[in-house]
Amino acid sequence: MTEQTATAPAPAAEPTELEKRFPGAVKRDARPGYEGYVVEAGKLREVATAIRDEMGYDYLSSVTAVDYFSDAPNANNFIEVVYHLYKSTGGGSLVYKVQVPRDNSVVPSLVDIYPGADFQEREAWDLYGVKFDGHPDLRRILMWEGFNGHPMRKDWKEPYFEEELKPFKNRWPEGQVYRIEDHNPFGRNVKYPAGFDPEGFRESADPALYDSLERAARAYSEDIDTEQVVVNLGPQHPSTHGVFRMAVRLDGETIVALKPVMGYLHRNHEQIGERNTWIMNMPFTDRLDYLSSMSNNFGYALAVEKLMGEKAAPPERAQYIRVIMAELTRISNHLWAIGFLLNDLGAFFTPALYAITERELILDIFEATTGSRMMCNYFRFGGVARDFPAGQLDKIKDLVRERLPRKIDELDLYLTQNELVRSRGENVGVITPEEAIAYSTAGPVLRASGVPYDIRRADPYGIYDRFDFDVAVRYHGDVYDRYMIRLDEMRQSLHILEQAVKQIPEGEIMTGKNPYQVRVPAGESYGRVEGPKGELGYYVVSNGKANPYRYHVRAPSFINLTILEKMCVGSKVADAVVNLGSIDIVLGEVDR
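No experiment lies behind these values; they were computed from the predicted model shown. In this convention, every chain numbers its residues from 1, walking through the sequence in written order. Totals for whole chains, interfaces and linings use every residue, but because this is a predicted model, local features are given only for residues with pLDDT of at least 70 and side-chain atom pairs only at 80 or more, for both listing and counting. By convention in this description, side-chain values take in all heavy atoms of the structure and omit both hydrogens and water.

## Re the packing of helix H10 (residues 316–345) against helix H12 (residues 392–415)
Inference 1: Only C-alpha atoms enter the line fits that serve as axes; for helices the fit covers just the stretch in contact. Angles between N-to-C directions range over 0 to 180 degrees. In DSSP terms, a helix is any run of H or I states spanning at least four residues, a strand is any run of E spanning at least two, and both are numbered starting from the N terminus. Between H10 and H12, whose axes approach to 13 Å, the crossing angle comes to 25°. Judged by the inter-axis angle, H10 sits roughly parallel to H12. In this structure, H10 meets H12 at a crossing whose hand is left-handed. Of H12, the residues touching H10 (which contributes Ile324, Leu328, Ile331, Leu335, Ile338 and Leu342) are Ile396, Leu404, Leu411 and Leu415.
Inference 2: Each residue belonging to the contact of H10 with H12 can be placed in one class, and the counts come to ten nonpolar, no polar and no charged. An angle below 35 degrees is read as roughly parallel, one above 145 as roughly antiparallel, one from 65 to 115 as roughly perpendicular, and any other as oblique. Helix crossings get a hand from a simple test, with the near helix turned counterclockwise from the far one by less than a right angle marking a left-handed crossing and a clockwise turn marking a right-handed one. We call two residues in contact whenever any of their non-hydrogen atoms come within 4.5 Å of each other. Polar here means any residue outside two lists: the nonpolar Ala, Val, Leu, Ile, Met, Phe, Trp, Tyr, Cys and Pro, and the charged Asp, Glu, Lys and Arg; Gly therefore counts as polar.

Take a look at the structure:
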């Protein structure tokens with residue numbers, strides 16, 4: 001091969017349908033390891049509308065941002081907003097990006113085209129400083145309104161900043177461990193914004209939040225002119241499932257506006273993820289939906305394995321173990337969700353304890369296999385950390401074939417026709433199929449509204465395409481169907497588990513050795529799984545080094561809350577608690 005032929009450029013690819021539709025405004029992302037299109041900011045709304053209406057990509061899964069920043073001279077610095085879209089009828093993704101300058105990061109909002117973009121655009125504004133022009137309520141969502149700066153930008157440094165990346169030198173390889181607080185005492189670690197006087201500071205009472213509530217209430221009208229009142233439900237209240245707050249505006253007992261308030265548990269999980277090495281992040285994923293550790297591990301492993309390629313493909317036995325653990329996790333989660341929904345309905349503790357008893361038996365399996373009941377840290381790139389101990393597969397078979405089917409039937413018998421469950425659930429918090437898709441709801445919330453979308457079928461991952469199971473779907477979209485769908489899904493999980501424990505082969509559980517460190521090829525990937533609460537996705541960007549350049553979690557608990565106000569307006573204040581319970585959130589995943 002001559003030098004000339006070796007360096008000859010590859011022939012240009014034929015323009016795609018989208019490029020032909022928007023010549024010059026839409027270009028394929030030519031960066032090695034990247035996919036999708038780069039769209040001009042000025043054409044974004046037109047392109048998004050065409051993608052939805054003409055190409056059928058009606059489901060906006062994920063919106064996030066990436067800060068491409070370097071302090072090198074003449075570096076090409078910019079913020080990139082990344083969109084992942086799918087068809088609600090199934091199939092792969094369509095990815096497009098918008099690139100804007102860091103010092104003038106303005107992107108048109110897509111909330112009126114895809115309402116599910118609402119909270120995700122607010123998050124990108126909060127953490128990256130991207131202003132979404134035309135957003136109806138662009139406020140911070142995870143940080144408080146007085147927070148200085150945008151903490152996911154690469155040039156933002158937190159108090160007690162030590163080093164950019166882990167492992168820190170004082171820990172490895174030097175091993176001279178010290179606490180950064182000892183080297184940087186309190187008082188020297190704070191950088192105040194220009195003109196800020198901490199002595200004269202007085203915290204305001206969320207004026208932006210209450211202004212937003214008032215604006216939302218203006219559309220509500222009554223024949224009788226009554227005084228509306230604002231009530232805060234939470235953040236410290238059992239019915240809000242943790243440190244979560246619903247600010248509601250009431251006309252009597254009728255909700256006329258509702259705004260979810262979150263961030264009380266936020267610890268910038270994604271910033272930590274970008275300072276960790278790739279492997280260090282696995283146990284951190286456990287802390288997201290801390291009731292569904294195995295599913296969290298699964299999604300992250302898939303995202304990184306996509307970048308690593310065939311060398312990280314798990315062996316057959318590991319693939320089966322992953323499915324078994326994921327489906328046991330789904331049953332465990334749904335048992336918990338049903339038990340605590342009954343708490344929200346007023347049947348305090350008895351149904352919850354009944355459901356938790358069965359969940360404990362599943363956690364026994366997790367503990368015996370992984371060493372932990374909840375924070376399992378079990379999946380690895382290329383497999384799983386360890387095999388089932390002797391006798392555990394037999395215990396799983398007994399659970400799957402004998403005990404769990406009986407106990408799920410008993411829950412059904414005791415609860416489904418119960419007057420309390422039916423009267424508080426039927427025709428309450430109704431979500432139509434069109435609304436469920438438009439607001440990017442996922443999992444049981446989406447399927448209970450008549451949309452049979454399940455990633456295990458719509459865009460299969462792992463070995464799910466080998467199993468026979470039905471996509472559970474209900475058609476009323478109310479609280480009652482969101483309860484029923486979880487019973488249906490547990491039965492389908494048992495059907496999958498019955499096949500998996502019968503077919504699981506002998507063999508290795510890891511491709512190669514379990515490495516202390518991995519190098520992930522440069523590029524981007526999006527790995528997603530059908531978690532118990534819906535689509536759990538990880539968007540990762542690698543620059544070829546030992547730490548992720550970008551690490552983003554598409555959290556179903558967070559995005560499913562986008563429709564909460566729509567569900568509640570016009571209903572009674574007592575129904576807000578039930579609606580929230582039927583979504584099934586975990587605040588570790590909401591706030592990250």
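## Remarks on the sheet that holds strand E2 (residues 37–39)
Inference 1: In this description, strands pair whenever DSSP reports at least two bridges between them. Strand order across the open sheet formed by five strands is E1-E2-E5-E4-E3, with mixed pairing between neighbours. The two strands at the open ends of the sheet, each matched to only one other strand, are strand E1 (26–28) and strand E3 (59–68). Here the strands of the sheet are splayed against their neighbours by 25° on average, with no regard to which way each runs.
Inference 2: Bridge count for E2 against strand E5 (residues 94–100) is two bridges, and the pairing is parallel. Bridge pairing in E5 links Tyr37 to Tyr96.
Inference 3: The sheet contacts of helix H3 (residues 44–53) involve E1, E2, strand E4 (78–86) and E5, and relative to E5 the element is tilted by about 175°.
Inference 4: In the packing of helix H4 (residues 118–128) onto the sheet, contacts are made with E3 and E4, and the angle to E3 comes to roughly 10°.

## A look at the nonpolar core
Inference 1: Membership of the largest hydrophobic core comes to 162 residues, with the highest contact counts inside it found for Ile51, Tyr83, Tyr96 and Leu561.
Inference 2: Top element by residues in this core is H10. It accounts for 13 residues.
Inference 3: Segmentation into domains, and thus their bounds, comes from an automatic or database assignment. Summarising the domain contributions, this core has at least three residues from each of domain 1 (18–133) and domain 3 (269–591).
Inference 4: The contacts of Leu561, once residues within four sequence positions are left out, are Phe119, Phe244, Pro260, Met262, Leu580, Ile583, Ile585 and Val590.
Inference 5: What makes a nonpolar core is a set of buried Ala, Val, Leu, Ile, Met, Phe, Trp, Tyr and Cys residues whose side-chain atoms join them at distances within 4.5 Å. Think of it in three bands: residues with accessible area under 20% of the maximum for their type are buried, residues over 50% are exposed, and the middle band is partly exposed, with areas taken using a 1.4 Å probe on protein chains only. Listed in part, the seven residues of the second largest apolar core include Leu209, Ala217, Ala257 and Val261.

## Regarding the packing of H10 against helix H11 (residues 350–370)
Inference 1: Remark: H10 packs on H11, axes separated minimally by 8 Å, with the N-to-C direction vectors making an angle of 155°. Here H10 lies roughly antiparallel to H11, going by the angle between them. Viewed along their axes, H10 and H11 form a crossing whose handedness is left-handed. Within the contact between the two elements, H10 uses Met325, Leu328, Thr329, Ile331, Ser332, Leu335, Trp336, Gly339, Phe340, Leu342 and Asn343 and H11 uses Pro351, Ala352, Ala355, Ile356, Glu358, Arg359, Ile362, Leu363, Ile365, Phe366 and Thr369.
Inference 2: Of the residues contributing to the contact of H10 with H11, the split by class is 15 nonpolar, five polar and two charged.

## Looking at helix H20 (residues 573–583)
Inference 1: Burial within H20 is extensive, with nine of its eleven residues counted as buried.
Inference 2: All of the buried residues along H20 are Asp575, Ala576, Val577, Val578, Asn579, Leu580, Gly581, Ser582 and Ile583.
Inference 3: At the C-terminal side of H20, Asp584 shows a positive phi close to 70°.

## A look at the confidence of the model for the protein
Inference 1: Scored from 0 to 100, pLDDT records how confident the predictor is in each individual residue. In this model, the protein carries a mean pLDDT of 88, and residues with pLDDT of at least 70 account for 96%.
Inference 2: Confidence drops under a pLDDT of 50 for residues 1–6, and excluding neighbours within four residues, the segment shows one contact in the predicted structure.

## Thoughts on the pattern of salt bridges
Inference 1: Salt bridge, as used here, is a side-chain nitrogen of Lys or Arg placed within 4 Å of a carboxyl oxygen of Asp or Glu. Per the stated rule, a full pass over the model turns up 49 salt bridges.
Inference 2: Two residues, Glu316 and Arg466, come together in a salt bridge whose shortest N-O distance is 2.7 Å. Placement of the pair is Glu316 in helix H10 and Arg466 in the loop between helix H16 (455–458) and helix H17 (479–503), with a sequence separation of 150 residues.
Inference 3: Glu316 sits in the partly exposed class, given a relative accessible area of 39%.
Inference 4: Taking the relative accessible area as the measure of exposure, Arg466 reaches 39% and is therefore partly exposed.
Inference 5: Salt bridges linked by common partners bring Glu327, Arg330, Arg447, Asp454, Arg456, Glu489 and Glu530 together as one network.

## Here's the deal with the packing of aromatic side chains
Inference 1: A pair of aromatic rings is counted whenever rings of Phe, Tyr or Trp (Trp by its six-membered ring) have centres within 6.5 Å, and the orientation is called stacked for planes under 30 degrees apart, edge-to-face for over 60 and tilted otherwise. Overall, the coordinates contain 19 aromatic pairs when judged by the stated rule.
Inference 2: With 5.6 Å between their ring centres and 35° between their planes, Tyr59 and Tyr453 make a pair best called tilted. Note that Tyr59 is positioned in strand E3 and Tyr453 in the loop between helix H15 (444–447) and H16, a separation of 394 residues in sequence.
Inference 3: Between Phe298 and Tyr461, the ring centres sit 5.4 Å apart and the planes meet at 80°, which makes this aromatic pair edge-to-face. In this pair, Phe298 sits in helix H9 (residues 293–308) while Tyr461 sits in the loop between H16 and H17, placing the two residues 163 residues apart along the sequence.
Inference 4: When its relative accessible area of 2% is taken as the criterion, Phe298 is described as buried.
Inference 5: By relative accessible area, Tyr461 is classed as buried at 8%.
Inference 6: Members of the aromatic cluster, joined through ring pairs, are Phe298, Tyr320, Tyr378, Phe379, Tyr461, Tyr464 and Phe467.
Inference 7: Over the ring of Tyr34 we find Arg31; its NZ or CZ atom is 4.0 Å from the centre of that ring. Remark: a charge is flagged as sitting over a ring if the NZ atom of Lys or the CZ atom of Arg is within 6 Å of the ring centre and within 35 degrees of the ring normal.

## Considerations on the sheet that holds strand E17 (residues 550–554)
Inference 1: Taken together, three strands build an open sheet; the order of strands is E15-E16-E17 and the sheet is antiparallel. What marks the edges here is a single partner per strand, and that holds for strand E15 (523–531) and E17. The mean inter-strand angle of the sheet, taken between neighbouring strand axes irrespective of direction, is 10°.
Inference 2: Sheet topology note: the strand E16 (residues 534–542)/E17 ladder contains five bridges and is antiparallel. Pairing of Val541 across the sheet is with Arg550, part of E17.

## Brief notes about a nonpolar patch on the surface
Inference 1: Put simply, a patch holds well-exposed residues, over 30% relative accessible area, that have no salt bridge, with like charges counted together within 9 Å and Val, Leu, Ile, Met, Phe, Trp or Tyr side chains within 5 Å. Per-residue accessibility takes into account occlusion by the displayed protein chains alone, with areas from the Shrake-Rupley method and a 1.4 Å probe. On the surface, Trp144, Val190, Tyr192, Phe196 and Phe201 cluster together into a nonpolar patch covering about 470 Å² of accessible area.
Inference 2: Tracing the backbone shows Trp144 in the loop between strand E7 (131–133) and helix H5 (180–183).

## Topic: the domain arrangement of the protein
Inference 1: Domain annotation for the protein reports domain 1 (18–133), domain 2 (155–203) and domain 3 (269–591).
Inference 2: One C-alpha centre belongs to domain 2, the other to domain 3; they are set 36 Å apart.
Inference 3: Between domain 2 and domain 3, the contact holds ten residues from the first and eight residues from the second.
Inference 4: Interface area for domain 2 against domain 3, summed over the two sides, is near 710 Å², with a carbon-plus-sulfur share of 47%.
Inference 5: Scanning the region where domain 2 abuts domain 3 turns up zero salt bridges. A 1.4 Å probe defines the accessible area here, and the buried area is the portion of it lost by two parts on being joined, summed over both.

## Things to note about the pairing of E5
Inference 1: When you tally the buried positions in E5, you get six out of seven residues, the bulk of the element.
Inference 2: In terms of strand pairing, E4 meets E5 through seven bridges, oriented antiparallel. Counted as the bridge partner of Glu80 is Gln99 from E5.

## Quick look at the side chain of Gln271
Inference 1: Mapped onto the elements, Gln271 comes out in helix H7 (residues 269–275).
Inference 2: You can call Gln271 buried: its relative accessible area is 15%.
Inference 3: Engagement of the side chain of Gln271 in a polar contact is seen with the backbone oxygen of Pro151, the distance being 2.8 Å. Two N or O atoms form a polar contact when they lie within 3.5 Å of each other; inside protein one atom must be a possible hydrogen donor and the other a possible acceptor, and for residues adjacent in sequence the pair counts only when both atoms belong to side chains.

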